[in-house]
Amino acid sequence: MSERDIVYKITPRMDWEAAVAAGEYSGAPIDLADGFIHFSTATQADETAKKHFHGQHDLLLVAVSTSGYGDAMRWEVSRGGALFPHLYGAFDMGSVVWTLPIVTDAAGVPHLTFAEADT
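The rules behind each value
For every chain, the first residue of the written sequence is number 1, and numbering continues from 1 onward in sequence order. For this predicted model, a pLDDT threshold of at least 70 governs which residues receive local features, and a threshold of 80 or more governs which side-chain atom pairs are given and counted, while totals over whole chains, interfaces and linings are taken from all residues. Only hydrogens and water are set aside when side-chain values are computed; all heavy atoms of the structure are taken into account. In this text, buried Ala, Val, Leu, Ile, Met, Phe, Trp, Tyr and Cys residues form a nonpolar core when linked through side-chain atoms within 4.5 Å. Burial here depends on accessible area, computed with a 1.4 Å probe over protein chains only, as a share of the maximum for the residue type. Under 20% is buried, over 50% is exposed, and the range in between is partly exposed. Elements are defined by DSSP. Helices are runs of H or I of four residues or more, strands are runs of E of two residues or more, and each kind is numbered from the N terminus. Should a side-chain nitrogen of Lys or Arg be within 4 Å of a carboxyl oxygen of Asp or Glu, the pair is scored as a salt bridge. Ring pairs are drawn from Phe, Tyr and Trp, using the six-membered ring of Trp, whenever the two centres fall within 6.5 Å, and their geometry is named by plane angle: stacked under 30 degrees, edge-to-face over 60, tilted for the rest. The criterion is that NZ of a Lys, or CZ of an Arg, lies within 6 Å of the ring centre and within 35 degrees of the ring normal, and then a charge sits over that ring. Any pair of nitrogen or oxygen atoms within 3.5 Å is treated as a polar contact; in protein, a donor-acceptor pairing is required on top of that, and neighbouring residues in sequence qualify only through side-chain atoms on both sides. Here the arc refers to the directions that run from the helix axis out to each C-beta atom. A contact between two residues is defined here by any heavy atoms of the two lying within 4.5 Å.

Student: Describe the nonpolar core, naming the residues involved and giving the relevant values.
Tutor: Ranked by internal contacts, the top residues of the largest apolar core, which has 14 residues, are Trp16, Tyr25, Phe39, Leu87 and Phe91. At the level of elements, α1 (13-22) and β4 (59-65) are the ones that each hand at least two residues to this core. Ranked by residue count, the leading element in this core is β4, at three residues. Ranked by size, the runner-up nonpolar core spans 13 residues in total, among them Ile10, Phe53, Leu61 and Leu112.

Shown next, in the form of structure tokens:
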């Protein structure tokens, strides 16, 4: 399996619960404004969490299979010149591999754990 087979979305639990109820995730406000859903690879996710989610609590790490998204999943240059996965469209719950809560320490720093789970 390649790093491009599974990508990761960090999202507040409340937003995720609304997406589960709707049957698809259309994105956070920044995703909607940019026209695509921002994802990270396993290598990129920790820095993404610390940079964009510092001070936030009750977050989830959502692992999503890229299988079946074809040209809608694009790898584009972003932070530091690295290629980041961007999905041009919503993703359905069938592509979710697992979700895990993200632990945030007393200073508000999120700490990611990558392990298959089901929450």
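Moving on, there is more to tell.
Student: For the pattern of salt bridges, give the residues involved together with the corresponding values.
Tutor: In a structure, side chains of opposite charge can pair up when their charged atoms sit close to one another. Per the counting criterion, the structure on display carries four salt bridges. Among the ionic pairs, Lys50 bridges to Asp46, the shortest N-O distance being 2.8 Å. Placement of both Lys50 and Asp46 in helix α3 (residues 42-52) is noted, with a separation of four residues, approximately one turn of the helix. The class for Lys50 is partly exposed, based on a relative accessible area of 32%. Residue class for Asp46 comes out partly exposed when judged on its relative accessible area of 31%.

Student: Which residues make up the packing of aromatic side chains, and what values do they have?
Tutor: Within a pair of aromatic rings, the relevant descriptors are the distance that separates the centres and the angle that separates the planes. Tallied over the entire structure, the rule returns six aromatic pairs. Seen in terms of ring centroids, Tyr8 and Trp98 are 5.8 Å apart; in terms of plane orientation they differ by 45°. Their pairing is tilted. One end of the pair, Tyr8, is in strand β1 (residues 6-12); the other, Trp98, is in strand β8 (residues 96-104), with 90 residues separating them in the sequence. Here Trp98 falls in the buried class, since its relative accessible area comes to 5%. Put simply, the rings of Trp16, Tyr25, Phe39 and Phe91 touch in pairs and so form one group of aromatic residues. A cation sits over an aromatic face here: Arg4 above Trp75, 4.3 Å from the ring centre. The lysine or arginine in question, Arg74, covers the ring of Tyr88, its NZ or CZ lying 4.0 Å from the ring centre.

Student: Kindly report on the side chain of Ser40, identifying the contributing residues and their values.
Tutor: Assignment of secondary structure puts Ser40 in the loop between β3 (37-38) and α3. Relative accessible area serves as the criterion here: at 4%, Ser40 is assigned to the buried category. Among the polar contacts listed, one links the side chain of Ser40 to the side chain of Thr48, at a separation of 2.9 Å.

Student: For α3, give the residues involved together with the corresponding values.
Tutor: Within α3 the residues assigned to the buried category are Gln44, Ala45, Thr48 and Ala49. Mapping the buried residues of α3 onto a view down its axis gives an arc of 140°, with all of them on the same face. Those residues of α3 that are exposed and aimed more than 90 degrees away from the buried face are Thr43 and Lys51. Buried residues along α3 sit in contact with β1, β6 (83-87) and β9 (110-111).

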